[in-house]
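Remarks on the overall topology
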Number of protein chains: 2
Amino acid sequence: MSEFRFHVQASDGAARTGAIHTPRGEIRTPAFMPVGTAGTVKAMLPQSVRETGADIILGNTYHLMLRPGAERVARLGGLHKFMAWERPILTDSGGFQVMSLAKLRKLTDAGVTFQSHIDGATIELTPERSIEIQRLLDSDITMVLDECPAYGADKKAYDTSLDLTLAWAQRSKGAFSLRPGYALFGIVQGGVFEDLRQRSIAGLQAIGFDGYAVGGLAVGEGQEAMFATLDMTMPHVPDDKPHYLMGVGTPDDILGAVQRGIDMFDCVMPTRSGRTGKGFTRRGEINIRNARHALDPRPIDALCTCDACTGYSRAYLNHLFKADEMLGAMLLTRHNLTYYQDLMKDIRTAIAAGTLAAFAAEARAGWALGDIETPSGDWA
Amino acid sequence: MSEFRFHVQASDGAARTGAIHTPRGEIRTPAFMPVGTAGTVKAMLPQSVRETGADIILGNTYHLMLRPGAERVARLGGLHKFMAWERPILTDSGGFQVMSLAKLRKLTDAGVTFQSHIDGATIELTPERSIEIQRLLDSDITMVLDECPAYGADKKAYDTSLDLTLAWAQRSKGAFSLRPGYALFGIVQGGVFEDLRQRSIAGLQAIGFDGYAVGGLAVGEGQEAMFATLDMTMPHVPDDKPHYLMGVGTPDDILGAVQRGIDMFDCVMPTRSGRTGKGFTRRGEINIRNARHALDPRPIDALCTCDACTGYSRAYLNHLFKADEMLGAMLLTRHNLTYYQDLMKDIRTAIAAGTLAAFAAEARAGWALGDIETPSGDWA
């Protein structure tokens, strides 16, 4: 079995393009990972996820540990076989969802105890158990369990939390069984405070990880603060390892983060939006439920080559959403994921060509234009 | 443009196999038509519907006239283009859904006035308007507007209703614009009464149609009464035209109806069941939500070659349904439609070989066996 290996092929400013090699396939970077929360990228067949251009997907430890359960997935051959996705899978540690979804949370140095949001069962998640669950799922990239203060906490809270997060990172490393081709990523915390971010990075580096994620962002601080934090953080993260910005974001967020040295992203935005009628286009976002689309024979995005754009009109999608037809979510999710993967591909091409700044300016100008106009007259 | 044409290639007892030729493609008979109520076969991409083996789908006039509206569909290029299904479409007249779904129905000789179940608008459906809507949708096979008494009405009510239905059939024929390749089917009514069914057939034959449907069955009378009605009805229906049994049914219903001379079927059962967790197998029906499937690594039906059966376990489908994941409905619908189309294919093959009775006995014996057993021990 081959090793887990990352190499940078080209860089353009702080941005890099390259690939992560794993036994289950190559991950072209910068990469966007569609979110497959409960063992499925919602509304998508796995082969359709691959057709959009995805090299890797993300699975949620919190959801899978509660249902169907990590031991059950292991017994059925692991998450890849269970959900028929043969390529790499990254799993989060479960910590973030415990904080955002579970009830009656109790945090101690040992770990966190909580009540399942599904059946109310009391469950303990420790760094060791999180690593074990991710091994049972057979995750290719395992994330350490971390702790992230609620947005708006004061610096002292972030400082104390960082001690716990670093201790948990050490315990996660200790619990992780080294296997060729499998990777463990550390998570940089420290809020928007430069000294804390630097202390976090130094601590993680001393432990040693196969990749470094930036956590605690996209939690309400806004794009400006997020970019400022990346500006103060990324120069200190080891260059020879993949950099992963967790839970980000809009196309514009991704572009800005790539320009600051990020290699990997995950976000529910393209899939969740696909189920609620929001579509991403080269002219910004649209709400397909809007009456202006009801007679529009044009595709969502004329430059997109996905099945939804080559086969169906905005009018049809508008009808499907109004009639609550599942096919609406299926088609718009497919489009949105294709849009995101096309963006990543264009970003990789631009970095390789040394033209990322020009590409970014052009993409942003397109988004700023707003949606294509509806011809005057009797549409809608 | 070629003509609409039906030919029987082989028969076996009262059962026939052959094909309906239309400019949009051939319909192999006996045929099962998946139901695409609102311009989509629920939870299915149109190419996936075709992959299951469907030659034709059914669209519901009632739903499409209310949303998005027949004129709107026409303006967008017709129903085939709207929903990206290039093969034949049969549309019903809307009458049945007015009776089952609409509020404040008022029936007169002219037609039926009702309130939309979507927005409460008052709408009139006449034989002429139903034919016009189906022309606007560009339906390949148009159905006449008929009237069907509520199940359990007395013979006098069926007799009076039949007068109206025959008058509407005449008006429907007058309103239908003859176009090469397009067909108009009459609907035989008359409840479970032999003399009324015969009067209905004679009346329709005098008007002249491209195919004859049997209506007013599968409305609560039970399989025995349905088969008895077919036994007294089918010998009188013209042999050289397609015979369509509306809204039927279970695999066993279909098999029995084919043995009585039916060539075409439609039913929501495979698609609706696919969304509620019911799966059809060669060993009868299963409920995939049942705990016995939670650790079962086997496919729904080991003899099925659909994507759902070749790629996923019962355990995974059980998980998807428990987690309310859309992919569960997508996969099980695909399986159920494949199961129905495989059944039709096997039926056609058996008729051509003159072995329908043996095939029917074998299929029924399989259904009667019940689901494959769960190995003893620690599953579930």
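We now turn to the structure provided with this report. What you see is a predicted model; the values in this text were computed from it and never measured.

A few points about the pairing of strand 12 (residues 211-214) of chain A
Residues and elements named next belong to chain A. Here strand 12 shows no split at all, with Gly211 and Ala213 on one side and Tyr212 and Val214 on the other all buried. Taken together, the four bridges between strand 11 (residues 183-188) and strand 12 define a ladder with parallel strand orientation. Within strand 12, the residue paired with phenylalanine 185 across the bridge is glycine 211. The parallel pair strand 11 and strand 12 is bridged by helix 8 (residues 194-207), and the resulting crossover is right-handed.

Description of the pairing of strand 13 (residues 211-214) of chain B
Pairing of strand 13 of chain B with strand 14 (residues 243-245) of chain B, which is carried by three bridges, proceeds in the parallel orientation. When the sheet's bridge partners are listed, alanine 213 of chain B is paired in strand 14 of chain B with tyrosine 244 of chain B.

Quick look at the packing of helix 11 (residues 269-276) of chain A against helix 14 (residues 326-353) of chain A
Residues and elements named next belong to chain A. Helix 14 packs onto helix 11 with a crossing angle of 150 degrees between their chain directions and a minimal axis gap of 7 Å. Considered as vectors, helix 11 and helix 14 are oriented roughly antiparallel to each other. The way helix 11 lies across helix 14 gives a crossing that is right-handed. For the pair helix 11 and helix 14, the contacting residues are Met269, Pro270, Thr271, Ser273, Gly274 and Arg275 in the first and Gly328, Ala329, Leu332, Thr333, Asn336, Leu337 and Tyr340 in the second. Taken together, the residues that form the contact of helix 11 with helix 14 break down as six nonpolar, six polar and one charged.

A word on the side chain of histidine 80 of chain B
Checked against the element boundaries, histidine 80 of chain B lands in helix 4 (residues 79-83). Ignoring anything within four residues of it in the chain, the contact list for histidine 80 of chain B reads Arg24, Trp85, Glu86, Arg87, Pro88, Ile89, Leu137, Asp138 and Asp140 of chain B.

Some words on the packing of aromatic side chains
Taken as a whole and judged by the stated rule, the model has 18 aromatic pairs over all chains. Geometrically, the ring pair formed by phenylalanine 209 of chain B and tyrosine 212 of chain B is edge-to-face, given 6.3 Å between the ring centres and 85 degrees between the ring planes. Given a relative accessible area of 4%, tyrosine 212 of chain B falls into the buried group. Through a chain of ring-to-ring contacts, the aromatic side chains of Phe32, Phe280, Tyr339 and Tyr340 of chain A assemble into a single cluster. In this arrangement the basic side chain of lysine 173 of chain B is found over the ring face of phenylalanine 209 of chain B, its NZ or CZ atom lying 5.9 Å from the centre.

A closer look at the sheet that holds strand 13 of chain B
Residue and element names in this part refer to chain B. The parallel open sheet is built from nine strands, whose spatial order is 4-15-14-13-12-11-7-6-5. Each edge of the sheet is formed by a strand with only one pairing partner; in this case those strands are strand 4 (31-33) and strand 5 (35-36). Taken together, the three bridges between strand 11 (residues 141-143) and strand 12 (residues 183-188) define a ladder with parallel strand orientation. Residue pairing for strand 12: methionine 143 is matched across the bridge by phenylalanine 185.

What to know about the pattern of salt bridges
Across all of its chains, the model carries 46 salt bridges over all chains by this definition. Aspartate 301 of chain B is the partner of arginine 282 of chain B in a salt bridge, and the nearest nitrogen-oxygen pair spans 3.0 Å. With arginine 282 of chain B in the loop between strand 16 (278-281) and strand 17 (284-287) and aspartate 301 of chain B in the loop between strand 17 and helix 12 (307-311), this pair connects stretches of sequence that are 19 residues apart. Taken together, the shared-partner salt bridges in this structure form one network comprising Arg16, Asp239 and Asp263 of chain A.

With respect to the relation of the copies chain A and chain B
Under the fitted operation, chain A is carried onto chain B by 0.0 Å of movement along the axis and a turn of 180 degrees, and the coordinates agree to an RMSD of 0.0 Å. The superposition of one copy onto the other is thereby described by a two-fold rotation axis. The C-alpha atom lying nearest the rotation axis in chain A is that of methionine 326 of chain A; the distance is 3.9 Å.

Considering the interface of chain A and chain B
At the junction of the two partners, chain A supplies 39 residues and chain B supplies 39 residues. Between chain A and chain B we count two salt bridges in total. Between lysine 42 of chain B and glutamate 325 of chain A there is a salt bridge, with the nearest N and O atoms lying 2.5 Å from each other. Secondary structure elements with two or more residues in the side of chain A that touches chain B: helix 1 (46-51), helix 3 (70-75), helix 4 (79-83), helix 12 (307-311), helix 13 (314-322) and helix 14 of chain A. The greatest single-element share of the side of chain A that touches chain B, amounting to six residues, is contributed by helix 14 of chain A. Looking at the side of chain A that touches chain B, its residues break down into 24 nonpolar, five polar and 10 charged.

Points about the sheet that holds strand 10 (residues 122-125) of chain B
Residues and elements named next belong to chain B. Spatial strand order, 8-9-10: three strands in an open sheet with antiparallel pairing. Single-partner strands in this sheet number two, and they are strand 8 (103-107) and strand 10. Put simply, the sheet's adjacent strands are angled 15 degrees from each other on average, direction ignored. Bridge count between strand 9 (residues 112-115) and strand 10: four bridges; the pairing is antiparallel. Its bridge partner lying in strand 10, valine 112 is registered against leucine 125.

Topic: the environment of leucine 332 of chain B
Residue and element names in this part refer to chain B. With respect to the element layout, leucine 332 can be found in helix 14 (residues 326-353). Considered as a pair, leucine 332 and aspartate 307 are 25 residues apart in the sequence and their alpha carbons are 9.8 Å apart. Apart from the residues lying within four places of it in its own chain, the contact partners of leucine 332 are Ser273, Gly274, Gly277, Lys278, Gly279, Ile288, Ile300 and Phe321.

Digging into the state of the cysteines
All names here are of chain B. One pass over the structure, following the stated rule, counts zero disulfides over all chains. Free of any disulfide, cysteine 267 has its nearest neighbouring cysteine sulfur in cysteine 148, separated by 16 Å. You can call cysteine 267 buried: its relative accessible area is 8%. There is no disulfide at cysteine 306, and the cysteine sulfur nearest it, in cysteine 304, is 3.6 Å away.

A word on the packing of helix 6 (residues 127-137) of chain B against helix 7 (residues 155-175) of chain B
All names here are of chain B. Contact geometry of helix 6 with helix 7 gives a least axis separation of 8 Å together with a crossing angle of 40 degrees. Relative to helix 7, the element helix 6 is oriented oblique. Like other packed secondary-structure pairs, helix 6 and helix 7 cross with a definite hand, here right-handed. Residue-level contacts link Pro127, Glu128 and Ile131 of helix 6 to Trp168, Arg171, Ser172 and Ala175 of helix 7. For the contact of helix 6 with helix 7, the residue count by class is four nonpolar, one polar and two charged.

Analysis parameters
Residues numbered from 1 in each chain as written. Chains lettered and ligands numbered in written order. Predicted model: local features only at pLDDT ≥ 70, side-chain atom pairs only at ≥ 80, totals over all residues. Heavy atoms only, no water. Buried < 20%, exposed > 50% of the residue type's maximum accessible area, 1.4 Å probe, protein only. Helix = DSSP H or I, 4+ residues; strand = E, 2+ residues; numbered from the N terminus. Pairing = 2+ DSSP bridges. Right-handed = clockwise from strand over helix to strand, strands pointing away. Axes fitted to C-alpha atoms, helices over the stretch in contact; angles between N-to-C directions. Parallel < 35°, antiparallel > 145°, perpendicular 65-115°, else oblique. Left-handed = near helix turned anticlockwise from the far one by under 90°. Contact = heavy atoms within 4.5 Å. Nonpolar A, V, L, I, M, F, W, Y, C, P; charged D, E, K, R; others polar. Phe/Tyr/Trp six-rings, centres within 6.5 Å; stacked < 30°, edge-to-face > 60°. Lys NZ or Arg CZ within 6 Å of the ring centre and 35° of its normal. Salt bridge = Lys/Arg side-chain N within 4 Å of Asp/Glu carboxyl O. Least-squares fit on C-alpha atoms with pLDDT ≥ 70 in both. Disulfide = S-S within 2.5 Å.

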